[in-house]
Amino acid sequence: MEHVDVCVIGGGLSGLASAVCLAGAGKTVMLVEQSERLGGRASSDVYEGCFVNRGPHALCQKWIGMKVLGQLGIVPKGGTLALGGTLTEREHEYELPMTPLSLLKTNVFTWKQKKEFLSLLFRLTRQDLEKGAALDVIVKRLPNPDISFALDLEQPLYFSNHSAAAVFTNHPDYQVIHTFKYHRASEIPDSDQDRELLEAFLDRLQPGWQNEVLKKRYLPAMTVSHSLVTPERAAMLSKESPAIKEIPGLYAVGDWFAREGLLADAALASAYEAVQDILKMEGK
Ligand SMILES: Cc1cc2nc3c(=O)[nH]c(=O)nc-3n(C[C@H](O)[C@H](O)[C@H](O)COP(=O)(O)OP(=O)(O)OC[C@H]3O[C@@H](n4cnc5c(N)ncnc54)[C@H](O)[C@@H]3O)c2cc1C
């Protein structure tokens, strides 16, 4: 086997970013990926001439991931989703309060419910977003283009029309839409039931969507994050380094090991930190 300076195991965002950064700094790098393709959870598939992510994906423009991509010369194309959306509860639809002010002003909730809604959002960000079922759909046209983003009040259901912000195809009418059901930590998921829930959610938001389907893909068990960075975990990680103390030369990267950012941001941030560490050590 030829000599390599660094071996990167895993060709997801964090592995790819590490490999590209290190190669750019003049290192010879071997990247080992277990599956037949690169990209990990951030990879997309092409159907009917449309790029389709595995479940709904968005990148926060102001977080560190964007800076790391910039350093790699990658400028993601796409727009910003308009702040706003719909809350559903059985047959009712309400405007989604997206800012603290609109939450205070909305008539959807009583004061007690506003407090509960804030606490729900807090809990969602802390623990309920790690796994779920994704129904990704390409439609010839969207029956109800006014709704681009929706959440359900009773079930942990999510809907978004990503074509409202990004270009997935050259076709002027085709839309790539995503629905997702988050699994609670204690839940034993029922794949068929989740699919029925997601389809019924789409029936409510986009009546007649089934007549417009070009491609429907159901992924019942997606891992969104191997570990969300809670404040406690962030405090613990702030004392750690991506370098594994016990094994000199070994580094851990990925969205499960990051002191900064969440999800893709965390994956990219941890890769960047490990690479800086490696290059600093080499410079010694
Ligand atoms: C449905 C869904 C929605 C998401 N939405 C968002 C979002 O809106 N915004 C956001 O920022 N992030 C989002 N994410 C998360 C984001 O996709 C991940 O945080 C990011 O892609 C993780 O990258 P990673 O490199 O850490 O891990 P992975 O993508 O999991 O990559 C790990 C790679 O390592 C390979 N591998 C594992 N073990 C081995 C081995 N032993 N040998 C060789 N190869 C191995 C795997 O095959 C894989 O390719 C979402 C994820 C999902 C699933």
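The present account deals with the structure reproduced in this document. Every value quoted in this text rests on a predicted model; they were computed, and no experiment measured them.

Rules used in this analysis
Residues numbered from 1 in each chain as written. Predicted model: local features only at pLDDT ≥ 70, side-chain atom pairs only at ≥ 80, totals over all residues. Helix = DSSP H or I, 4+ residues; strand = E, 2+ residues; numbered from the N terminus. Rg over C-alpha atoms; globule rule 2.2 N^0.38 Å. Buried ≥ 20, exposed ≤ 12 C-beta atoms within 10 Å, placed from the backbone. Contact = placed C-beta atoms within 7 Å. Pairing = 2+ DSSP bridges. Axes fitted to C-alpha atoms, helices over the stretch in contact; angles between N-to-C directions. Near = placed C-beta within 6 Å. Nonpolar A, V, L, I, M, F, W, Y, C, P; charged D, E, K, R; others polar. Right-handed = clockwise from strand over helix to strand, strands pointing away.

The next point concerns the overall build of the protein chain. If you tally the helices and strands in the protein chain, you get 7 helices and 11 strands. A compact globule built from 284 residues would reach a C-alpha radius of gyration of about 19 Å, and the protein chain, at 21 Å, matches this within 12%. Each principal axis of the C-alpha atoms in the protein chain carries an extent, and together these give about 65 × 45 × 35 Å. In the protein chain, which comprises 284 residues, the proportion classed as buried is 28%. By sequence separation, contacts in the protein chain at least 24 residues apart represent 67% of the contacts at least 6 residues apart.

So, on to the sheet that holds strand E7 (residues 131–139). The sheet built from 7 strands is open, its strands ordered E6-E5-E8-E9-E10-E7-E11 with mixed pairing. The sheet is open, and its two borders are formed by strand E6 (92–95) and strand E11 (213–223), each paired with just one other strand. Across the sheet, the mean angle from the axis of one strand to that of its neighbour is 20°, orientation sign disregarded. Taken together, the 9 bridges between E7 and strand E10 (residues 175–183) define a ladder with antiparallel strand orientation. Along E10, the bridge assignment pairs Val139 with Gln175. Most of the contacts of helix H5 (residues 191–205) go to E10, to which it runs at about 130°, and overall it touches strand E5 (86–89), E7, strand E8 (149–152), strand E9 (157–161), E10 and E11.

Attention now goes to the site of the ligand. Near the ligand, the surroundings consist of 31 residues, among which Gly10, Gly12, Gly40, Gly55 and Leu263 are the closest. Looking at the shell around the ligand, the elements that each hand over two or more residues are helix H1 (13–24), E11 and helix H7 (263–283). A per-element tally of the shell around the ligand places H7 first, with 4 residues. Taken together, the residues of the shell around the ligand sort by class into 13 nonpolar, 13 polar and 5 charged.

On to the environment of Glu93. Within the element layout of this structure, Glu93 appears in strand E6. It is 32 Å that separates the C-alpha atoms of Glu93 and Tyr47, two residues lying 46 residues apart in sequence. Ignoring any residue separated from it by four or fewer positions in sequence, one finds Glu93 in contact with Thr86 and Thr88.

Within the secondary structure, His92 is located in strand E6. Of the residues examined, His92 has 10 C-beta atoms within 10 Å and is grouped as exposed. The spacing of His92 and Ala165 is 73 residues in sequence and 26 Å in space, taken between C-alpha atoms.

Right, let's talk about the pairing of strand E1 (residues 6–9) for a bit. Taking every second residue as pointing to the same face, the buried face of E1 carries Val6 and Val8, while none of Cys7 and Ile9 on the other face is buried. Pairing analysis gives 4 bridges linking E1 to strand E2 (residues 29–32), with the strands arranged parallel. Across the sheet, Val6 pairs through a bridge with Val29, a residue of E2. Between the parallel elements E1 and E2, the chain passes through H1 in a crossover that is right-handed.

This part covers unusual backbone geometry. If you check the backbone angles, Glu48 has positive phi at about 50° while not being a glycine. As for its position among the elements, Glu48 is in the loop between strand E3 (44–47) and strand E4 (50–53). Despite not being glycine, Leu263 shows a phi value in the positive range, around 50°. Structurally, Leu263 is set in helix H7.

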